[in-house]
Amino acid sequence: MSDLLAERLRACWARSDEIFGLLEPEALHEQPIALRHPLVFYLGHLPAFAWNQVCRGLLGRPGFRPDFDALFERGIDPVGVDVYQPATAWPAVEEVLEYRDRVRAELLDAVAPVAERAAADPLAARGCIFEVVIEHELMHQETLQYLLQQLPFEHKRRPAALPPYRFEGAAEPGRVEVGGGRAVLGAELEAVPFGWDNEFPRLELEVAGFAIDRTPVRNAEYAAFVDDGGYRRPELWRDEDWRWRQRVGLELPVVWSRAEGALAYRTLFDLLPLER
């Protein structure tokens, strides 16, 4: 198990490094979304979370950079930094990378000591605490990409191997009927190595038949809502949502834009005509 776990950790880290590698170096201090931290925070948050859960939390080891352990510990209101201050309030990127690499080495060395505690600590059993670390990193890999999507194109490096866009072959729209029956949600805690708290305990219940769209809402379908004045019709919004729309002043989804009357969709690296 230890070799497989180390392999999974390395693969997870490689994916994070690939995402951060899309950035020009100076872009790490950019803050594409005001309610999220500058990107350098997430460079430090991923190793800090892992260290605080495994080495400090479960194994009780003293921190080699306790200031970073606290600074990067949580994604809301980190201790020691006013997130609304300039980028210079954050540590140098080189320091954060040194911290990240040291944590990764310590985590690999911690696999065996954690396994030795499996009988006494449920977080050590079946490597559960490492599952927490991996799931947390995978989750941030997704959120990092929607942060990068809103970053100006000049702050990003377009990968040479980026595949071309495909504009054909999408699933047909429509609805499908799903027959009623007994559904099982979640699991029993001892049956899986990891799960979020809202996935326990296992729940079985009868579900009536229903119809559902074959796909998520498509851009073309949402464009019909926009063109029909959906962002100017408060009766289509809940009161709190309408107040938010008025406050932020949005007239379109945040990754859409309008130029000369035509809508465009913003990908990580391009602005594409929405009609495509």
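So, here is what we can say about the structure in this document. (Residues numbered from 1 in each chain as written. Predicted model: local features only at pLDDT ≥ 70, side-chain atom pairs only at ≥ 80, totals over all residues. Heavy atoms only, no water.)

A word on the overall build of the chain
Scanning the chain from N- to C-terminus turns up seven helices and seven strands. Principal-axis analysis of the C-alpha atoms places the extent of the chain at approximately 60 × 55 × 40 Å. Considering the chain as a whole, with its 276 residues, one finds that 36% of them fall into the buried category. Sequence separation of at least 24 residues holds for 67% of the intrachain contacts in the chain that already meet a minimum separation of 6. Carbon and sulfur atoms form 54% of the exposed surface of the chain, whose accessible area is close to 16700 Å². Computed over 31 positive and 46 negative side-chain charges, the inter-centroid distance for the chain is 2 Å. (Helix = DSSP H or I, 4+ residues; strand = E, 2+ residues; numbered from the N terminus. Buried < 20%, exposed > 50% of the residue type's maximum accessible area, 1.4 Å probe, protein only. Contact = heavy atoms within 4.5 Å. Areas by Shrake-Rupley, 256 points an atom, 1.4 Å probe, with all protein chains shown as cover. Lys, Arg positive; Asp, Glu negative; His and termini not counted. Charge placed at Lys NZ, Arg CZ, Asp CG, Glu CD.)

Remarks on the packing of aromatic side chains
Going through the model one piece at a time under the given rule, you end up with 16 aromatic pairs. Ring geometry for Tyr165 against Phe167: centres 6.3 Å apart, planes inclined by 35°, an arrangement best described as tilted. For Phe167, a relative accessible area of 29% corresponds to the partly exposed category. Consider the rings of Phe194 and Trp196, whose centres lie 4.9 Å apart with planes at 80°: the pair is edge-to-face. Take Phe194: its relative accessible area is 18%, and that puts it in the buried class. Joined through ring pairs, the aromatic side chains of Phe41, Tyr42, Trp51, Phe64, Phe68, Phe72, Trp90 and Tyr99 make up one cluster. Of note, Arg102 hangs over the ring of Phe64, and the distance from its end group to the ring centre comes to 4.2 Å. The cationic tip of Arg266 hangs over the ring face of Phe153; the distance from NZ or CZ to the ring centre is 4.3 Å. (Phe/Tyr/Trp six-rings, centres within 6.5 Å; stacked < 30°, edge-to-face > 60°. Lys NZ or Arg CZ within 6 Å of the ring centre and 35° of its normal.)

Here's the deal with the nonpolar core
Formed by 47 residues in total, the largest nonpolar core has its most connected members in Val54 and Phe130. At the level of elements, α1 (2-20), α2 (39-58), α3 (66-71), α4 (93-116) and α5 (128-149) are the ones that each hand at least two residues to this core. With twelve residues, the single largest contributor to this core is α2. Setting aside residues up to four positions removed in sequence, Phe130 forms contacts with Leu5, Leu9, Val54, Leu107, Ala110, Val111 and Val114. Counting residues in hydrophobic clusters, the runner-up holds ten residues, among them Val226, Trp237, Val255 and Leu274. (Core = buried A, V, L, I, M, F, W, Y, C linked by side-chain atoms within 4.5 Å.)

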